[in-house]
Amino acid sequence: IIVHIRDKCFRIPIGSGEQPVKWLAHAACIRCDPRPGAIRVSGLREENGRSIPNDARVIDAIPLGTDVWAVEVVTAIASPTPSRPPEMTDEAWRAMATPSPR
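This is a predicted model, so every value here is computed, not measured.

Caption draft 1: Spatial organisation of the side chain of Gln19. Along the chain, Gln19 falls in the loop between strand S2 (8–11) and helix H1 (21–32). At 3.1 Å, the side chain of Gln19 and the backbone oxygen of Ile14 are in polar contact.

Next comes the structure, spelled out in structure tokens:
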């Protein structure tokens, strides 16, 4: 099954398909951004706009080879600001962050 989130699409292997549709939506979110909770969707819909129940089993609700789209995509985590690794001195960190002259 291919799940579309924004301008990306992800082929998600479903195995026996016993998982709920909510699992499929979450699996696509993790592929889109692996940080836990970074992307959230309220559910999935078919190409014609029909909502797919989150508690339905994937195998019952979505035919194999079908494309589905994420609904209400929310970016929940802002891009992280890089921080100095604990083993690096402040001086080394500043030197790394300062662009070198060309």
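Caption draft 2: Local environment of the sheet that holds S2. Strands sit in the order S2-S1-S6-S4-S5 across an open sheet of five strands; the sheet is mixed. The open sheet terminates on both sides in strands that have one partner only, identified here as S2 and strand S5 (51–52).

Caption draft 3: Region of the structure containing the nonpolar core. Counting residues in each nonpolar core, the largest one holds 24 residues, and the members touching the most others are Ile1, Val3, Val21, Leu24, Leu44 and Ile62. Among the elements of the structure, strand S1 (2–5), H1, helix H2 (58–61) and strand S6 (67–71) are those that each provide at least two residues to this core. The residues contacting Leu44, other than those within four sequence positions of it, are Val3, Val21, Leu24, Ala25, Arg50, Ser51, Ile52, Asn54, Val68, Trp69, Ala70 and Val71.

Caption draft 4: Fine view of the pairing of S6. Sheet analysis places S1 next to S6, joined by three bridges and oriented parallel. Residue pairing across strands places Val3 opposite Val68, the latter belonging to S6. The pairing of strand S4 (residues 43–45) with S6 spans three bridges and is antiparallel. Its bridge partner being in S6, Leu44 is matched across the sheet by Ala70.

Caption draft 5: Broad picture of unusual backbone geometry. The phi dihedral of Arg6 is positive, around 55°, even though this residue is not glycine. Here Arg6 lies in the loop between S1 and S2. Not every positive phi belongs to a glycine, and Glu72 is a case in point at roughly 55°. Considering the arrangement of structural elements, one finds Glu72 in the loop between S6 and strand S7 (74–75). Residue class for Glu72 comes out exposed when judged on its relative accessible area of 61%.

What counts and how
- Residues numbered from 1 in each chain as written.
- Predicted model: local features only at pLDDT ≥ 70, side-chain atom pairs only at ≥ 80, totals over all residues.
- Heavy atoms only, no water.
- Helix = DSSP H or I, 4+ residues; strand = E, 2+ residues; numbered from the N terminus.
- Polar contact = N/O pair within 3.5 Å; in protein donor to acceptor, adjacent residues only side chain to side chain.
- Pairing = 2+ DSSP bridges.
- Core = buried A, V, L, I, M, F, W, Y, C linked by side-chain atoms within 4.5 Å.
- Buried < 20%, exposed > 50% of the residue type's maximum accessible area, 1.4 Å probe, protein only.
- Contact = heavy atoms within 4.5 Å.

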